[in-house]
Amino acid sequence: MPLSDLVPDAAELLDDWPTEPRTYQHGARAFEDLLTMAEIDALIDHDCLPNRNVRLIRDGETVDDREYSATPDMPDPGAVRRYLDDGCSLSIRRLQTIKPSLSVLRREVARETGYETHFNAYLTPPRQHGLRYHFDPYVTLVIQIHGSKTWPLHQPFVDNPVEEYENFRRRGFTPSERAYLATTAPAQEITLNAGDVLWLPRGWVHSPHNRDGDEPSPHLTFALKQRTLHWAAEEIAGVLTRHLLGDTEARDGIPPTRLLDSPEAVVKDVREILVGALLTMDTEEMAATLRRAALTEEPLPAPRLRYGLRP
């Protein structure tokens, strides 16, 4: 069970996804096979990180890559190290595309959970702050690689955010939420040391920092993008609507007068067709399709299903 390499109670978590933060201690050298400080330094100092994988963060904001890159592909030689020396933090995006051990673990956990996954790494220099308060629309496993990092945590302002709904990158904070964060102590404050893992449920507001550290603080974030009932509904609806293209009645034209003067009648016709398809679909076949969708990284073709158009 690959997930159990990170969290000992993996079997329990697979049955009941926790909604409160949890921490686990594994020992300072537990994750050296995944990533080390020396490997991060090598990627930086040998200019191995392309722009697509690099985000530099200054005063909580992402630095425009045109500041440190004269070409669209790679940062200028030595630029990433210079920005780090000036106090910027570094985010290495989708590190599994660079580091084989992370690619293997990502695929194993994706097969184990049916969830979409990816790795990012964050390197914060000594006595510096990385990203300001924000929240993520997915569960994050935080793996401290070297040094230490402090995580002030506030309870969610949004229940069950997802990429498509109440995503922080789109909504930000309301004025009252910003005032709350500025005046209220965190519900929890957790300091991770090398080898520690933090289970951070989606929606928890956080702003990790290395303000008290005397050495660089790198951590991995392993995103587990939960499958939701909304996701399942989209998958099933997509199969049904693609299947309906094979039915002559569903492809029948709507007269303009009916579409413009009686659209409620069109809605009723569509409802009848969809209800009929839902009631007559083969649930076992659809369940197999849903499982394949969870375990497949590329979109699946529509299966050949035999659904009636009327209940």
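In what follows, the structure referred to is the one given above.
Residues numbered from 1 in each chain as written. Predicted model: local features only at pLDDT ≥ 70, side-chain atom pairs only at ≥ 80, totals over all residues. Heavy atoms only, no water.

(A) Molecular detail of the overall build of the protein chain. Scanning the protein chain from terminus to terminus reveals ten helices and 13 strands. Counting only C-alpha atoms and orienting by the principal axes, one finds that the protein chain spans roughly 70 × 45 × 45 Å. Residue pairs in contact within the protein chain that sit at least 24 positions apart in sequence constitute 82% of those at least 6 positions apart. Accessible area of the protein chain: about 16,800 Å², with a carbon and sulfur share of 50%. Within the protein chain, the 49 negative side-chain charges are centred at a point lying 3 Å from the centre of the 35 positive side-chain charges. (Helix = DSSP H or I, 4+ residues; strand = E, 2+ residues; numbered from the N terminus. Contact = heavy atoms within 4.5 Å. Areas by Shrake-Rupley, 256 points an atom, 1.4 Å probe, with all protein chains shown as cover. Lys, Arg positive; Asp, Glu negative; His and termini not counted. Charge placed at Lys NZ, Arg CZ, Asp CG, Glu CD.)

(B) Inspection of the nonpolar core at higher detail. Ranked by size, the top nonpolar core spans 43 residues in total, and within it Leu90 and Leu220 carry the most contacts. When sequence neighbours within four positions are dropped, the list of residues in contact with Leu90 reads Ile44, Leu49, Val54, Arg55, Leu56, Val80, Leu84, Ala121, Tyr122 and Leu123. Listed in part, the eight residues of the second largest apolar core include Val142, Trp151, Leu153 and Leu200. (Core = buried A, V, L, I, M, F, W, Y, C linked by side-chain atoms within 4.5 Å. Buried < 20%, exposed > 50% of the residue type's maximum accessible area, 1.4 Å probe, protein only.)

(C) Just the sheet that holds strand β3 (residues 61-62), in detail. One open sheet accounts for eight strands, arranged β1-β10-β7-β13-β5-β4-β2-β3; its pairing is antiparallel. Edge positions in the sheet fall to β1 (22-25) and β3, since each has one partner strand and no second. Alignment of β1 against strand β10 (residues 196-200), held across four bridges, turns out to be antiparallel. Of the residues in β10, the one forming a bridge with Thr23 is Leu198. The strands touched by helix α2 (residues 37-45) are β4 (89-92), β5 (116-124) and β13 (217-225); relative to β5, the strand with the most contacts, the crossing angle is about 85 degrees. Its contacts with the sheet put helix α4 (residues 100-113) on β5 and β13, and the angle it makes with β5 is roughly 140 degrees. (Pairing = 2+ DSSP bridges. Axes fitted to C-alpha atoms, helices over the stretch in contact; angles between N-to-C directions.)

(D) Representation of the pattern of salt bridges within the structure. Counted by the stated rule, this structure contains 15 salt bridges. For Glu116, the salt bridge is made with Lys225, and the minimal N-O distance between the two is 3.9 Å. Taken together, the positions of Glu116 in strand β5 and Lys225 in strand β13 put the pair 109 residues apart, joining distant regions of the chain. The salt bridge involving Arg171 is made with Glu177; its shortest N-O contact spans 3.2 Å. Put simply, Glu116, Glu163, Arg169 and Lys225 are held in one network by salt bridges that share partners. (Salt bridge = Lys/Arg side-chain N within 4 Å of Asp/Glu carboxyl O.)

(E) Summary view of the packing of helix α7 (residues 229-244) against helix α10 (residues 283-295). Their axes nearest at 10 Å, the elements α7 and α10 cross at an angle of 120 degrees. In terms of their interaxial angle, α7 and α10 are classed as oblique. Note that α7 runs across α10; the crossing there is right-handed. In this structure, α7 contributes Trp231, Ala232, Glu235, Ile236, Val239 and Leu240 to the contact, and α10 contributes Met286, Thr289, Leu290, Ala293 and Ala294. Its residues assigned to classes, the contact of α7 with α10 shows nine nonpolar, one polar and one charged. (Parallel < 35°, antiparallel > 145°, perpendicular 65-115°, else oblique. Left-handed = near helix turned anticlockwise from the far one by under 90°. Nonpolar A, V, L, I, M, F, W, Y, C, P; charged D, E, K, R; others polar.)

(F) Inspection of a nonpolar patch on the surface at higher detail. A contiguous nonpolar patch, built from Ile254, Leu259 and Leu260 and spanning about 300 Å² of accessible area, is present on the exposed surface. Considering the arrangement of structural elements, one finds Ile254 in the loop between α7 and α8 (256-261). Judged by relative accessible area, which is 42%, Ile254 ranks as partly exposed. (Patch = residues over 30% accessible without salt bridge, like charges linked within 9 Å, V, L, I, M, F, W, Y side chains within 5 Å.)

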